[in-house]
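Listed below, chain by chain, are the residues.
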Amino acid sequence: AALLDSGSGGGGGSGGGGSGEWCFVNGSGRYGLRHTALPSPVLSGQCDPSPHSALGELCDLPRVFSFVFPAVVGMMEGANLSGDLRDPASSIPAGTVGAVSTAFLCYLMLIFGQAGSVDRGALQYDLSAMQHLCVREGFVVLGVATACLSTALGSMFGSARIMQAIARDRIFPLSFFAHGAAHGDEPRRAIVLSYTVAQAGLLIGGIDAVAPVLTNFFLVTYTLTNLAAALLALCGLPNFRPVWRLYSWQTSLLGAALTAGSMFFLNPLFALLTLALALALGVYISATVPSGRWPSISQAVAFLTARSCLLTLDAQPADPKYWRPSLLLLVPPSQAAGPQPTAGGASLLLRLAHRLSGSGLVVGGRTLP
């Protein structure tokens, strides 16, 4: 039997909240605690991002969440590859909900299965408990490797597609990555860049040091996506017609609030830096991209706000104390007989109406013939 000391690798000792040793009985597949030790959170050297450090760190919920979250971000893969789908409007919602539901069901089965068959001490102290309890340890290694490879390839090719689309939209000076392969329009240049960035992250020396950063960028992506969908639905734009019948702006707004709250729950400093970077990119786009080519959602939000304010004002009783003049300026139609006001004359009329109304409202238009 292999004996492990909870003070050095498993939790207890000086910071774990208890002392105890547990052993794994080879051949029987059973774990057992010699002493009751249920520290919360667990102090483990396996959670330290530096393999050369002898001091462990607390495996609390924010830390474990930031490690695990990048492995379960496949729900956006359908949207990233929407250009390759025959009917993305119906395929993306059905495929996303089906994939997330299947994964969630498997996770629930795994959680309840381990909770009912594995000692609590092993689940706390042994990060390889599933591998030790499997009929063949290689099955777990193969499953983890397959899942990691699938997630890595999906993220790499999905991000390459997004970069190719951004380069073709000329939002950023990335025209070099707009080129696609002759067969299938594959974004090979963007794939090379994605691979290089991924390798640079691995060369830092520890995936655990990169995972919290990735988690923040994934969360800010989901926050902005949910917020954009909620604003489009609230503004009532006729070109935004989701075919998913269960969609509502409340779910999008709730998703944006949850993902934004998760960012600050995990690491407030990383969250502020991520939001500052996203804001800087937004300011750059607003300053460099012509508004006529890529209109902003702010126009629809401003129209909705103005309409709501006018409706609120109309519902309130008029009070002479707050009266102000409002003018209606009508210009004759261009087909009407008689002299027509020139552009300069129309401008002078508009300026005169503004001077007369003061802080009131001026509405101008042409009469129909």
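Structure: above.
Residues numbered from 1 in each chain as written. Predicted model: local features only at pLDDT ≥ 70, side-chain atom pairs only at ≥ 80, totals over all residues. Heavy atoms only, no water.

### Focus on the overall build of the chain
Consideration 1: Across its full length, the chain holds 13 helices and 7 strands.
Consideration 2: Counting across all 369 residues of the chain, residues that qualify as buried make up 22%.
Consideration 3: As displayed, the chain has an accessible area near 24700 Å², and 67% of this comes from carbon and sulfur atoms. (Helix = DSSP H or I, 4+ residues; strand = E, 2+ residues; numbered from the N terminus. Buried < 20%, exposed > 50% of the residue type's maximum accessible area, 1.4 Å probe, protein only. Areas by Shrake-Rupley, 256 points an atom, 1.4 Å probe, with all protein chains shown as cover.)

### Examining the pattern of salt bridges
Consideration 1: Applying the stated criterion across every chain, the model contains 2 salt bridges.
Consideration 2: Notably, a salt bridge pairs Glu-186 with Arg-161, separated by 3.5 Å at the nearest N-O pair. Here Glu-186, found in the loop between helix H7 (137-169) and helix H8 (188-202), pairs with Arg-161, found in helix H7; they are 25 residues apart in sequence, far enough to count as distant.
Consideration 3: Overall, the relative accessible area of 32% leaves Glu-186 in the partly exposed class.
Consideration 4: Here Arg-161 falls in the buried class, since its relative accessible area comes to 13%. (Salt bridge = Lys/Arg side-chain N within 4 Å of Asp/Glu carboxyl O.)

### A look at helix H11 (residues 268-288)
Consideration 1: For H11, spanning 21 residues, the distance from its first C-alpha to its last is 30 Å, which sits close to the expected 30 Å at 1.5 Å a residue.
Consideration 2: Capping of H11 at its N-terminal end is provided by Asn-267; its side-chain oxygen lies 3.2 Å from the backbone amide nitrogen of Leu-269. (Expected span 1.5 Å × (residues − 1). Polar contact = N/O pair within 3.5 Å; in protein donor to acceptor, adjacent residues only side chain to side chain.)

### Here we look at a nonpolar patch on the surface
Consideration 1: Together, Leu-310, Leu-313, Leu-328, Leu-330, Leu-361 and Val-363 make up a nonpolar patch on the protein surface, roughly 600 Å² of accessible area in all.
Consideration 2: One can find Leu-313 in helix H12 (residues 297-315). (Patch = residues over 30% accessible without salt bridge, like charges linked within 9 Å, V, L, I, M, F, W, Y side chains within 5 Å.)

### Quick word on the environment of Thr-151
Consideration 1: Mapping Thr-151 onto the fold places it in helix H7.
Consideration 2: When the C-alpha positions of Thr-151 and Val-72 are compared, they lie 8.0 Å apart, and in sequence the two are 79 residues distant.

### Quick look at the environment of Gly-360
Consideration 1: Within the secondary structure, Gly-360 is located in the loop between helix H13 (343-357) and strand E7 (362-366).
Consideration 2: Given the relative accessible area of 23%, Gly-360 is considered partly exposed.
Consideration 3: When the C-alpha atoms of Gly-360 and Trp-323 are compared, they prove to be 8.8 Å apart, with 37 residues separating the residues in sequence.
Consideration 4: With residues up to four places along the chain from it excluded, the contact list for Gly-360 reads Arg-324 and Pro-325. (Contact = heavy atoms within 4.5 Å.)

### Focus on the packing of aromatic side chains
Consideration 1: Per the stated rule, a full pass over the model turns up 6 aromatic pairs.
Consideration 2: Centroid distance Phe-176 to Phe-177: 5.3 Å. Interplanar angle 85°. Geometry classified as edge-to-face.
Consideration 3: Relative to Tyr-222, the ring of Phe-218 has its centre 6.4 Å away and its plane inclined at 25°; by these criteria the two rings are stacked. Of this pair, Phe-218 and Tyr-222 both sit in helix H9 (residues 207-235), 4 residues apart, which is roughly one turn of the helix.
Consideration 4: Among the residues examined, Phe-218 registers a relative accessible area of 23% and is labelled partly exposed.
Consideration 5: Aromatic rings pair up to connect Phe-65, Phe-69, Phe-218 and Tyr-222 into one cluster.
Consideration 6: Between the NZ or CZ atom of Arg-189 and the centre of the ring of Phe-176, over which it lies, the distance is 4.4 Å. (Phe/Tyr/Trp six-rings, centres within 6.5 Å; stacked < 30°, edge-to-face > 60°. Lys NZ or Arg CZ within 6 Å of the ring centre and 35° of its normal.)

### Focus: helix H10 (residues 249-266)
Consideration 1: The end-to-end C-alpha separation of H10 is 26 Å, in line with the 26 Å expected for 18 residues at 1.5 Å each.
Consideration 2: Every buried residue belonging to H10 is among Ser-252, Gly-255, Ala-256, Thr-259, Met-263 and Leu-266, and all of these are buried. Relative to the axis of H10, the buried residues are bounded by an arc of 110° and lie together on one face. Pointing more than 90 degrees away from the buried face of H10 are the exposed residues Leu-254 and Leu-258. (Arc of directions from axis to C-beta.)

### Digging into the side chain of Gln-164
Consideration 1: Secondary-structure assignment places Gln-164 in helix H7.
Consideration 2: Classification of Gln-164 by relative accessible area gives buried; the value is 3%.
Consideration 3: Excluding residues within four positions of it along the chain, Gln-164 makes contact with Phe-177, Ala-178, His-179, Gly-180, Asp-185, Glu-186 and Pro-187.

### Here's the deal with the side chain of Ser-357
Consideration 1: With respect to the element layout, Ser-357 can be found in helix H13.
Consideration 2: Judged by relative accessible area, Ser-357 falls into the buried class, the value being 2%.
Consideration 3: Residue contacts for Ser-357: discarding those within four places in its chain leaves Pro-325, Leu-327 and Val-362.

### So, the nonpolar core
Consideration 1: Counting 8 residues, the largest nonpolar core consists of Phe-69, Val-73, Leu-219, Val-220, Tyr-222, Met-263, Leu-266 and Ala-271.
Consideration 2: Only H9 and H10 provide two or more residues apiece to this core.
Consideration 3: Contacts of Phe-69, omitting those with residues within four sequence positions, involve Thr-215, Phe-218, Leu-219 and Tyr-222. (Core = buried A, V, L, I, M, F, W, Y, C linked by side-chain atoms within 4.5 Å.)

### Observations regarding the packing of H10 against H11
Consideration 1: Two elements in contact, H10 and H11, have axes whose closest approach is 5 Å; the angle formed by their N-to-C orientations is 130°. With respect to H11, the element H10 is oriented oblique. Side by side, H10 and H11 meet where Met-263, Phe-264 and Leu-266 of the first sit next to Pro-268, Ala-271, Leu-272, Thr-274 and Leu-275 of the second.
Consideration 2: Here the contact of H10 with H11 is composed, by residue class, of 7 nonpolar, 1 polar and no charged. (Axes fitted to C-alpha atoms, helices over the stretch in contact; angles between N-to-C directions. Parallel < 35°, antiparallel > 145°, perpendicular 65-115°, else oblique. Nonpolar A, V, L, I, M, F, W, Y, C, P; charged D, E, K, R; others polar.)

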